[in-house]
2 protein chains.
Amino acid sequence: MEKIRIAILGYGNLGRGIECAVGQNEDMELTAVFTRRDPSAVKTVSGVPVYGADKLPEKKDEIDVLMLCGGSATDLPAQTPAYAADFNVIDSFDTHARIPEHFDAVDRAAREGGKVAMISVGWDPGMFSLNRLYANAILRCGRDYTFWGKGVSQGHSDAIRRIDGVKDARQYTVPVESAVNAVRACENPELTTRQKHTRECYVVAEEGADRGRIEQEIKTMPNYFADYDTTVHFITQEELLRDHAGIPHGGTVIRTGRTGVDGKHNHVIEYSLKLDSNPEFTACVLTAYARAVYRMNREGMTGCKTVFDVAPAYLSAMSPEEMRASLL
Amino acid sequence: MEKIRIAILGYGNLGRGIECAVGQNEDMELTAVFTRRDPSAVKTVSGVPVYGADKLPEKKDEIDVLMLCGGSATDLPAQTPAYAADFNVIDSFDTHARIPEHFDAVDRAAREGGKVAMISVGWDPGMFSLNRLYANAILRCGRDYTFWGKGVSQGHSDAIRRIDGVKDARQYTVPVESAVNAVRACENPELTTRQKHTRECYVVAEEGADRGRIEQEIKTMPNYFADYDTTVHFITQEELLRDHAGIPHGGTVIRTGRTGVDGKHNHVIEYSLKLDSNPEFTACVLTAYARAVYRMNREGMTGCKTVFDVAPAYLSAMSPEEMRASLL
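All values reported here derive from a predicted model rather than from experimental measurement. Starting from 1, residues in each chain are numbered consecutively following that chain's sequence as written. Note on labels: chains are lettered from A, ligands numbered from 1, in written order. Since the coordinates come from a predicted model, pLDDT governs what is reported: local features require at least 70, and pairs of side-chain atoms require 80 or more to be given and counted, while whole-chain, interface and lining totals use all residues. Side-chain metrics rest on all non-hydrogen atoms present in the structure, leaving aside hydrogens and water.

1. Here's the deal with the pattern of salt bridges
Point 1. Salt bridge, as used here, is a side-chain nitrogen of Lys or Arg placed within 4 Å of a carboxyl oxygen of Asp or Glu. Applying the stated criterion across every chain, the model contains 37 salt bridges over all chains.
Point 2. Salt-bridge contacts for Asp 144 of chain A lead to Arg 255 of chain A; the nearest nitrogen and oxygen are separated by 2.9 Å. Pair noted here: Asp 144 of chain A is in strand β7 (residues 142–148) and Arg 255 of chain A is in strand β12 (residues 249–259), with a separation of 111 residues, a long-range link.
Point 3. For the exposure calls, accessible area comes from a 1.4 Å probe over protein chains only, and a residue counts as buried if that area is under 20% of its type's maximum, exposed if over 50%, partly exposed in between. Residue Arg 255 of chain A is classed as buried on the basis of its relative accessible area, which comes to 4%.
Point 4. Between Arg 324 of chain B and Glu 321 of chain B there is a salt bridge; the shortest N-O distance is 4.0 Å. Separated by 3 residues within a single helix, Arg 324 of chain B and Glu 321 of chain B lie in helix α12 (residues 320–326), roughly one turn from each other.
Point 5. Salt bridges sharing common partners tie together Asp 158, Arg 161 and Asp 168 of chain A. The helix and strand labels rest on DSSP assignments: H or I over at least four residues marks a helix, E over at least two residues marks a strand, and numbering proceeds from the N terminus.

2. Let's talk about the sheet that holds strand β8 (residues 151–152) of chain A
Residues and elements named next belong to chain A.
Point 1. For two strands to pair, DSSP has to find at least two bridges joining them. Reading across from one edge, β8-β9-β10-β11 is the order of the 4 strands in this open sheet, with mixed pairing throughout. In this open sheet, the two strands that pair with only one neighbour each are β8 and β11 (229–234).
Point 2. Relative to strand β9 (residues 166–175), β8 is paired through 2 bridges, and the arrangement is antiparallel. Counterpart to Gly 151 in the pairing with β9 is Thr 173.

3. Points about the relation of the copies chain B and chain A
One copy of the chain maps onto the other through a rotation about an axis followed by a shift along the same axis.
Point 1. Least-squares superposition aligns the copies on the C-alpha atoms of those residues with pLDDT at or above 70 in both. With an RMSD of 0.0 Å, the operation that places chain B on chain A is a rotation of 180 degrees combined with a shift of 0.0 Å along the axis. Both chain copies can therefore be described as sitting about a two-fold axis. Relative to the rotation axis, the closest C-alpha in chain B is found at Ala 311 of chain B, a distance of 1.9 Å.
Point 2. With an isologous cut-off of 70% or more, the 98% of interface residues of chain B that recur at the interface of chain A puts this contact in the isologous class. The contact criterion used is simple: two residues touch if any of their non-hydrogen atoms lie within 4.5 Å.

4. Things to note about the packing of aromatic side chains
Point 1. Within 6.5 Å between ring centres, the rings of Phe, Tyr and Trp (the latter by its six-membered ring) count as paired, and their orientation is classed by plane angle as stacked under 30 degrees, edge-to-face over 60, tilted in between. Counting across every chain of the model gives 11 aromatic pairs over all chains.
Point 2. Measuring from ring centre to ring centre gives 6.4 Å for Tyr 134 of chain A and Tyr 134 of chain B, while their planes differ by 65 degrees; the resulting arrangement is edge-to-face. Pair noted here: Tyr 134 of chain A is in helix α4 (residues 127–138) and Tyr 134 of chain B is in helix α5 (residues 127–138), and the two residues belong to different chains.
Point 3. Residue classification places Tyr 134 of chain A among the buried positions, given a relative accessible area of 4%.
Point 4. With centroids separated by 5.3 Å and ring planes inclined at 75 degrees, the aromatic side chains of Trp 123 of chain B and Phe 128 of chain B adopt a geometry described as edge-to-face. For the pair formed by Trp 123 of chain B and Phe 128 of chain B, the shared burial category is buried.
Point 5. Each member of the aromatic cluster is reached from another via a ring pair, and the members are Trp 123, Phe 128 and Tyr 271 of chain A.

5. Considering the sheet that holds strand β5 (residues 88–90) of chain B
Residue and element names in this part refer to chain B.
Point 1. The strand order across the open sheet built from 7 strands is β3-β2-β1-β4-β5-β6-β14, with neighbouring strands paired in parallel fashion. Strand pairing shows two members of the sheet lacking a second neighbour, β3 (50–52) and β14 (303–305), which therefore form its edges. Direction aside, neighbouring strands of the sheet carry axes that sit 25 degrees apart on average.
Point 2. Alignment of β5 against strand β6 (residues 116–118), held across 2 bridges, turns out to be parallel. The residue of β6 that forms the bridge with Val 89 is Ala 117.
Point 3. Angles run from 0 to 180 degrees between N-to-C directions of axes, and those axes are lines fitted to C-alpha atoms, restricted for helices to the stretch in contact. Packed on one face of the sheet, helix α11 (residues 278–298) meets β1 (4–9), β2 (28–35), β4 (65–68), β5, β6 and β14 and runs near 155 degrees to β5.

6. Looking at the interface of chain B and chain A
Point 1. Tallying the contact residues gives 63 residues for chain B and 62 residues for chain A.
Point 2. Summing both sides of the interface, chain B and chain A together bury roughly 5,700 Å²; the carbon and sulfur share of this comes to 65%.
Point 3. The tally of links between chain B and chain A comes to 0 salt bridges.
Point 4. N or O atoms within 3.5 Å of each other form a polar contact, as long as, within protein, one can give a hydrogen and the other can take it, and as long as residues adjacent in sequence are counted only when both atoms are side-chain atoms. Viewed at the interface, chain A and chain B are joined by 27 residue pairs in polar contact (both at pLDDT 80 or more).
Point 5. Looking at the side of chain B that touches chain A, the element that brings in the most residues is strand β13 (residues 265–275) of chain B, giving 11 residues.
Point 6. Taken together, the 9 bridges between strand β13 (residues 265–275) of chain A and β13 of chain B define a ladder with antiparallel strand orientation. By buried area we mean the combined loss of accessible area, with a 1.4 Å probe, across both parts when two parts are placed together.

7. Considering the side chain of Asn 25 of chain B
Residues and elements named next belong to chain B.
Point 1. Here Asn 25 lies in the loop between α1 (13–23) and β2.
Point 2. Residue classification places Asn 25 among the buried residues on the basis of a relative accessible area of 6%.
Point 3. Engagement of the side chain of Asn 25 in a polar contact is seen with the backbone oxygen of Ala 21, the distance being 2.9 Å.

See the structure below:
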């Protein structure tokens, strides 16, 4: 069997997750990891070779799909359009508001290069987006709700760490259960930001730091915490490492809607994820879509794609006959 | 705006559901209902004209997509291949074991006629199948579980009605909550038929009938009830009409899987439906896919398709730009 040759650019949590995910797919092989760090300082889990990112052009013919594992703030807006001209690529760009401009830049590059470039792959955007689309197409008269958590928000944890006197921190986003239940009961509630999620913070303070001031600064921080009911727990570094080392996440997309002659029948469509490791699950989604990107480009497709553009069959290693017999 | 012209063949619960669903989609219009009964005896909700099924050939040019609303046992195996040569069609064929042969017969006809024919559209097969495929592609090392209910099984209700001395009956399939919770907790249980679902029967006995014998016949009926814990409640016809007139259904597809270096991280993907009206929801799914069938055929595609072959974007009335901005 000819295997799909995968390469990774950027070897953090997501890159390592892809390395593991590729190992779970028999029709794929990981050929190399590329890094902007000193390659000799990077040790991969599987022992696959590590090269500097500057070596990518010369390895072009050995790579079917390049997985871009950089961040959405500064890495991907530059990297994805730059590499889409020479490689089939996938990224997990997740700045919702900037997706349209990112799409346009990547689409131009991928069309010129005759490649397929997928953007915003993961679970939100990604699987949650797909479920919003399917549910909206099915239940035309209804309402959408997305709840996140319980899970670690890296952005909010970072925001706490920037406060003077904070040594380390972990922030959990927690959906308000009564709100989720009201949605499930088709009550169509109007929910404010505060009514949908709470924020739980575990903070390691520096010795002698004013905890009252830190708590106050967290709870009043605009955008991040001010609009939420926030709880702050001070713990030791040991406790943080022991009890909060993981990166769990998840969430729920719900659409409720009405059908029938007088709209008297209620329906609830719910998709939910409970993930022990946010980056590893995201990696699994990207890896499944790598198969799709490879196949779509082999069929002659080019340009930027999102999860909306990919027929589900492209994701599975099964033949169409097997799929219809075992999954339909 | 040019509207997609929908026609319905077969005006039962599913056909009526499609009539309502089309009314919720601004880019569609219902042009006619076709029936094998006497058309003058059929009154539609919206007042759309009703014709005999024999009039279909002459109305060919007024129909973009023909929705086949017959049953899977005898209607669809004949109807779908017969009409796929002249119409874009959709059916809800749900005899899982016979899908491969149905696919082949329909594919041949649709290719010869240059049409698109979708089979097995609905929620299971349909949305549940899609979720099995996506979850399997993402979590490669894991297990699948499907639970149905709580909901009315038409087939089981019919089986009870065939028992001597039974006037009417309604049967509910109920998932075993402890089994669902064990699956959600990633315990990967091996579940027997009995451990997954129970069956609740509401039976109206004829006057003077032997209730003990009826209950015994239900509980020991092979395939339908013998492998399940079954409860039988005798009620009056009035109670049945008052409390059990609806056709609710639903269910849950769960895949759990492990990722990471030593497979230590668990993940749960869950898709669930809670439906007040099984046929109306099924109708909504078929109607969304009618849009896809119409568009795919206009792009030159032909042949038999399942939900696996349809890129999600084809289902939505939104433009790709709107979709990316509002749903991704």
